[in-house]
Every structure is written in C-alpha cells, then in structure tokens.
Amino acid sequence: MLGATGRGLRAVFRPTYVLLALSLAGLAFLGFIGWAMFRVPVGGGMSPDDTPASLILESRDGTAFAARGVLRGDAIDPARIPKPLQDAVVAIEDRRFFEHNGLDLRGMVRASVRNFESGRTRQGASTITQQLARLMFLSQDRSVVRKVQEAVLALWLEARLSKEEILARYLNAAYFGAGAWGADAAARRYFGKPAAELNLAEASMLAGLVRAPSNLAPNRNPDGAWRRADLVLNAVQETGRATPQDVAAARAARPVLRAPPEMSPGRGYVADWAEGEARRLIGPLPVDLSVRTTLDPALQDLAERIVAGWLDGEGRRVNATQAALLALSPDGAVLAAVGGRDYNASQFNRVTQARRQPGSLFKLFIYAAALEAGMTPNTQVIDQPVRIGDWAPTNYGDRFRGPMTLRDAFAHSVNTVAVQLYAQLGHQRVMDVARRMGLRSEMPNVPAVSLGSGEATLLEMTAAFASVANNRAVEPHVIRGVRARDRALFTRPDTMPGGTPVLSATAQQGLLDLMLSVVQSGTGTAARLDRPVAGKTGTTQESRDAWFIGMTADVIVGVWVGNDDNTPMRNVTGGALPARIWADFVRNADRAKTAEAPIPTAAAPAPPANAPRAAPIRGVPQVLDTATLRLGSRAVQLTGVIGMRGEYARQLDLYLAGREVVCEPVADGAHRCNVEGRDLSDVVLFNGGGRASADASPALRSSEAQAREAGRGVWAGR
C-alpha cells in the first residue's frame, strides 16, 4: 500500500520539479538578459571624432590632394532613400530585411550551415537592425554578452521604428572609409555627388564598403572596391532587385572616382599647414569644407623629388640629414613646400616651425639699412680685423681683403664688413628695416647678431627676401579660398602686395644689385641660371645650418639644410648643397612650365556604318594638351573636350602617372580613352581641365557644369 502511495507521490511531484526547474532556468535567462542590458555602455557605439569640420584640400587648379577630419554629408530622409542604394545595401547586408522583426533566424541557420561546411566563419547573420544597434549603442567586441545586447536592442528598435527609419539611420551612421560617416558623405567623398544621385554601380561600391571600409576604400584600393562591388551586383540580381540588363549596364559603367587619392607623404607638411590656416580663418564651423590652396602639384612633386635626391646623394657624404624648401610666387602664394625628408618619420615642419640661426642671411637687413642711410653698391668699405670687447669675428677662410666696394663685400659675404656696418648703424635701425621687410622673430641685441646668431624660420626669411622684389611686405599664404558646398566662406583677393614700400626706391634697387652680384660672382655662383638670379647664402658656425634664398622674376625659393639635433655637417656652406638644390629645383620648374604645342592632325573620314570596328589603341601616353595624347607615333584626340595646355596639361600628365591608356575610336576621328576604367574626357571636364566641345555628350556636359559650379580649373574665379 505504501509503495503504491510513494509511486503516486513521485508521479505527482515529477512534473512539479520539471516546472520548477524550467521556471528557475527562465528566471536565470531573464536575469542574464537584464544583467546584459544593464551593462549596455552609456554613449557607446561607433561615432565620428568630434572635429569642427572636415576639409577637402585642393591644389590651386582644383584637384583634390588630401582630406582631413570627418566628412559627414547630409542625413538621408527615411522617405527619400535612394533606390539604388537601398537595393544594394539590403541585397548584400540583409536580404530579408523587410520580412523579419529584427532577428533573422533563417539567416542564422543558413550562415551556420555555410560556416560549418567551410570549417571557418565566412558568413555573418547580423541583420541591418542588429548592425544599427551595434553602431548606436555597443562596442565592437564579439562576446556572448554583446550579442545578447545586440539582439534585444534590435527587437526594441523594430518595435519603435519603421523599416525605412531603421535603414535611413543605418545609412547615416555607417562608416564608409576615408573619413566618411554616412552614405551621403561617402557619395560626396568618392564620387563628388550626393547620395540621391548615385547610380547602381556607385551604390553597389558603397554598399560593399560597410564590412571593410578601411581595406576597401576606393581611393586606397580601387580594384578591391570594384571586386566587392561586383559581388554586390550579383546579390542585387539574385534578389530580383535589378534586372540582368540593369546589372550588366552597371558593370559596363565602372564608377569614376572624384576623391583625392591616398595623400603622398610629402604633401603632409602642406596639408597640416593648410588645415591649420583654414581652421584659423573660418573657425570651428560644424560643416564640411573645400579648401582651395595655392599649391602647384607639379612643383610640389618636383620639390619633393629634388630634396630627397640631394639628401640621399651628397647629403649622405656631408652628414646632412634634413632639408626644407619653400617656393613663393611674388604675391606670397606658397607654390611648393617641403618641410623635411620624411613626413611619416617626423611631422615637424622645418619651413614653418624650425627656428634656426640664419647666419649670413641676416646681412640682408644690415646692407638694406646701410643703403637707406645713403650708401651705394660702390661705396668703399674695408675688410680688416675687428674686435668688440672679447669678440673678434673672422671671415670664412681666415683672410682679409682690405678696401673693397659694398657690392663685393656682400657678394663674398665678408663678416668683418657686416660687423662694422652693424656697429655703425646700430641695432635699432637694422631691426626697424628687418621688421618692415617681414622678419618677425626677436633678435638679441648683441654684436654677434650681425652674423646671424639669432633664430628665424625659413618661412619668415624667405618672405623677407620676397619683399625686395616688389618693395612691399609679402604675406606668405597657403589658402586661396574656403567653400562650404556652393557657398564661399573666404576668398583671398588675387592681387599683388600693396601698402607702404619697405625701402626707398634707391635702396631697393641697390639691394637687388647686391643680391645679383652674389650669384654672378660671389658665394652663390652654384645657383646661376640662364637668366638673372638674385640671392644670398647663409652658413652658421661649424656648418650647423646652411641656407640659400634666391629669386627670379617669377619665383622666390628658400632652401635650408642641416640636422635636427644641430650636429655639424662636413664643410657645407650655403653656396654649396643649398644653392645646388635651389638651382636644380628652379631649372626644372622652368622646364615644367613649358608645354608642347599639340600636333595638328587631319580628321579621319567617318567609317561606313557596316565597317568593322577599329581595334583600340593602347599605351602609356604623352600629354600634348588636355584633349590630345600621343600614343606611340599617333596623336589621339579625346572625344567631347576642347583641350588646354600649360599647367592643365601637367596635371593630366601627373594624374596618368605612367599608366596604360586604352583608346577606342568614335565619330569624326575622336577617341574615348580610359585609364583603369575611368573615362579621361569625364575626368578632364569634371576637374576643369578643359571645356566641353559642341559634340560632347550630356554626361560630359554635366561634368563640365559641376566643374563650373564648383569653380574648378578653368572655371576658377568665374
């Protein structure tokens, strides 16, 4: 009887135990979820850096060369999500986005099976809603707790927001590489257009970036970005969001990038300088800015190559490890600036930040003051021993020449004459002239300052020399204008320096006479060219610093050579390595300005309608003008473009950079030329490198209109 009763009791209690166990498990699960949600970080998730504005830095012709800060663009409205972008993102990221409630169980099973079959994790199963939860609230770690938080937040977002709101928020929050947060910012960054104007090929490229934006950013890895875009196009077709014909058309129209490429390290010094100046001029505005600089890309590339070449060659032999070069136009615009040997190794800008002893460069101010006091280049002075207290300066070579003209003393940088003139004129008089000419650094009131014992930057010394050319103070500047989309926030007047003359007319002409003599017959003969050059050498004690600053009719260039730790070089004077760097740069800059005239070609008659299509022409081109390329012995005309020579042709040559061009003939003997899938006619017109011809296609005319609206290239200032 008891046994039967026991069995009955066990039968009664067994379901109770099961229910109790299930209840406890459920409570534990709910407790774990509650604990996980309690640990959701406040202000977590990915977010752009808190910068006041993003900057797209452009050279003087409108070609972008660097991007700084975070590009944000405009928020996409949930009611106006561009269809190509929606189709591409949903197809590649979450095919069942419009069907699930935030968690895609079918997708999880499918991904698990494929990962099991491959033996590794190849496919994720996070929905767009889960990704949005991660972007908005969570960190990027892959713990179990994080996945639970992500799932619960996804269900919560689905309960509060429509699918369109979720997708729009995702597109606005995702990072697309190259400093672009949000799809609109990415569209503007890579293609020069808002997200609303993206075609299917462009939208597919953006959609492919979300999983690996840094590795696939098109400006860094265009081929990888296109391969990923091709996979997205497959997904778009598989999901029925586009017809095979639409996908084929998208594949045939590979996107043309309008983003600046990965910045070359040498441009980092100019980019830092321009960014600082732009933010100083505009202030902390929370808008995306385009900054037109004064930089001449061809001259900048030339300067970088020449500085690196001389340091790698003669620099090694004489223990010169650093150099800086600054090229100014007569109005003070920075045409090229090399702040050091290697930007990646050191971001210290030796043009604007390094304070070094100018040595005999300082004599410019002493002689200017002497000329203002009534002396002339032919005034007689005496090179003789001088003693001031315990200080007895000597000349280079430890010899004295006796009586000589002021011109000869300056040309040969005679120390004793400079010291005597400084003592005669007085510190205040010399410094008054130096201030008018642009020297801003404080100089010690000691006799040794006459030989350059103070400190100054290459920037201010070059600006001071530039003031001699026009007899006006020159303000070096690296910014021409700043725009926020189509609104101009700052525009520098395109005028020569004005204001009060820094010297009397007689003193200015006398100073030019002295500076010309330095290169004609003095310490700077290594800087001779086939036209007049005026300049001055500078060398400090034990060759710790060596300078040459010289000018021609259209450029002022300053060069400094030395070592960051101030160790001596081996017998380097301003008239040696710096003057050679100067001459190499200016001589080659002259050649870069000379553009070949295009070779006239007779237009070929149009082929019959049934004629076989001519084979494309391939090769590395020589640029004759922005609409004419030489491929082998043939001159090829770009379709739809009226070409330009000079600087615009140099920019196209720089863009091509020795890459192969493929040109296919079209009507009237013109050719449609592509480099790595990019239509050169479109590239030229979009960047303002030419004008659209009468037979230009609507797409080319649209690119020209964008260049005109943005004021790029030939449209600058119009």
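Our subject is the structure that appears above.
A. The arrangement of the sheet that holds strand β14 (residues 622-625) in detail. Judged by pairing direction, the sheet is antiparallel, and its three strands sit side by side in the order β14-β15-β16 without closing on themselves. The sheet is open, and its two borders are formed by β14 and β16 (634-637), each paired with just one other strand. Along the sheet, successive strands turn relative to each other by an average axial angle of 30°, direction set aside. Across four bridges, the pairing between strand β15 (residues 628-631) and β16 is antiparallel. Within the sheet, the bridge partner assigned to T628 lies in β16 and is Q637. The strands touched by helix α21 (residues 647-656) are β14 and β15; relative to β14, the strand with the most contacts, the crossing angle is about 155°.

B. Structural detail: helix α8 (residues 200-207). Extensive coverage of α8 is indicated by the burial of eight of its eight residues. Residues of α8 that are buried: L200, A201, E202, A203, S204, M205, L206 and A207. Of the surrounding secondary structure, the elements contacted by the buried residues of α8 are α2 (83-93), α7 (183-191), α10 (222-238) and α11 (244-252).

C. View of the state of the cysteines. A full pass over the atoms with the stated rule returns one disulfide. A sulfur-sulfur distance of 2.1 Å marks the disulfide that ties C663 to C673. Linking C663 and C673, the disulfide has an S-S dihedral of approximately 115° and is accordingly described as right-handed. Taken as a pair, C663 in strand β18 (residues 661-665) and C673 in strand β19 (residues 671-675) lie far apart in primary sequence, ten residues in all. In this pair, the class of C663 matches that of C673, namely buried.

D. Geometry of the packing of α2 against α10. Direction vectors running N to C along α2 and α10 enclose 90°, while the axes themselves pass 8 Å from each other. With respect to each other, α2 and α10 are oriented roughly perpendicular. For the pair formed by α2 and α10, the contact residues are D87, A88, A91, I92 and E93 on the first element and R228, L231, V232, A235 and V236 on the second. Of the residues that constitute the contact of α2 with α10, the class distribution is seven nonpolar, no polar and three charged.

E. Looking closely at the pattern of salt bridges. Taken as a whole, this structure holds 35 salt bridges when the rule is applied. In this structure, R355 engages E460 in a salt bridge whose closest nitrogen and oxygen atoms are separated by 3.9 Å. With R355 in the loop between β5 (334-338) and α14 (363-372) and E460 in helix α18 (residues 458-470), the pair connects residues that are 105 residues apart, well separated along the chain. Its relative accessible area of 39% is what places R355 among the partly exposed residues. Among the charged side chains, a network of salt bridges with common partners joins R68, D272, E275 and R279.

F. View of helix α13 (residues 297-318). For α13, with 22 residues, the first-to-last C-alpha span of 30 Å sits near the 32 Å given by 1.5 Å per residue. Considering bend angle alone, the principal kink of α13 is centred on D312 and spans about 40°. Among the residues of α13, the N-terminal cap falls to D296, whose side-chain oxygen and the backbone nitrogen of A298 are separated by 3.1 Å. Residue N319 follows α13 closely and has a positive phi angle near 60°.

G. The environment of N445, seen in detail. Here N445 shows up in the loop between α17 (427-437) and α18. In this structure, N445 is in contact with Y422 and H427, ignoring residues within four places of it in sequence.

H. Region of interest: the sheet that holds strand β3 (residues 289-293). Spatially, the five strands line up as an open sheet ordered β2-β1-β3-β8-β9, and their pairing is mixed. Each edge of the open sheet carries a strand with a single partner, namely β2 (64-68) and β9 (487-491). Strand-to-strand twist across the sheet, computed as the mean angle between neighbouring axes with direction ignored, equals 20°. Contacts from helix α12 (residues 268-282) reach β1 (55-58), β2, β3, β8 (479-484) and β9, with the element oriented near 65° to β2.

I. The arrangement of the side chain of S413 in detail. Here S413 lies in the loop between α15 (406-411) and α16 (415-425). Those residues in contact with S413 that sit more than four places away from it in its chain are S360, K363, T523 and K536.

J. A look at the pairing of β14. Looking at chain direction, β14 and β15 are connected through three bridges and run antiparallel. Paired with V623 across the two strands is L629, which belongs to β15.

Cut-offs and rules
- Residues numbered from 1 in each chain as written.
- Predicted model: local features only at pLDDT ≥ 70, side-chain atom pairs only at ≥ 80, totals over all residues.
- Heavy atoms only, no water.
- Pairing = 2+ DSSP bridges.
- Helix = DSSP H or I, 4+ residues; strand = E, 2+ residues; numbered from the N terminus.
- Axes fitted to C-alpha atoms, helices over the stretch in contact; angles between N-to-C directions.
- Contact = heavy atoms within 4.5 Å.
- Buried < 20%, exposed > 50% of the residue type's maximum accessible area, 1.4 Å probe, protein only.
- Disulfide = S-S within 2.5 Å.
- Parallel < 35°, antiparallel > 145°, perpendicular 65-115°, else oblique.
- Nonpolar A, V, L, I, M, F, W, Y, C, P; charged D, E, K, R; others polar.
- Salt bridge = Lys/Arg side-chain N within 4 Å of Asp/Glu carboxyl O.
- Expected span 1.5 Å × (residues − 1).
- Bend = angle between axes of the 7 residues up to and from the residue.
- Polar contact = N/O pair within 3.5 Å; in protein donor to acceptor, adjacent residues only side chain to side chain.

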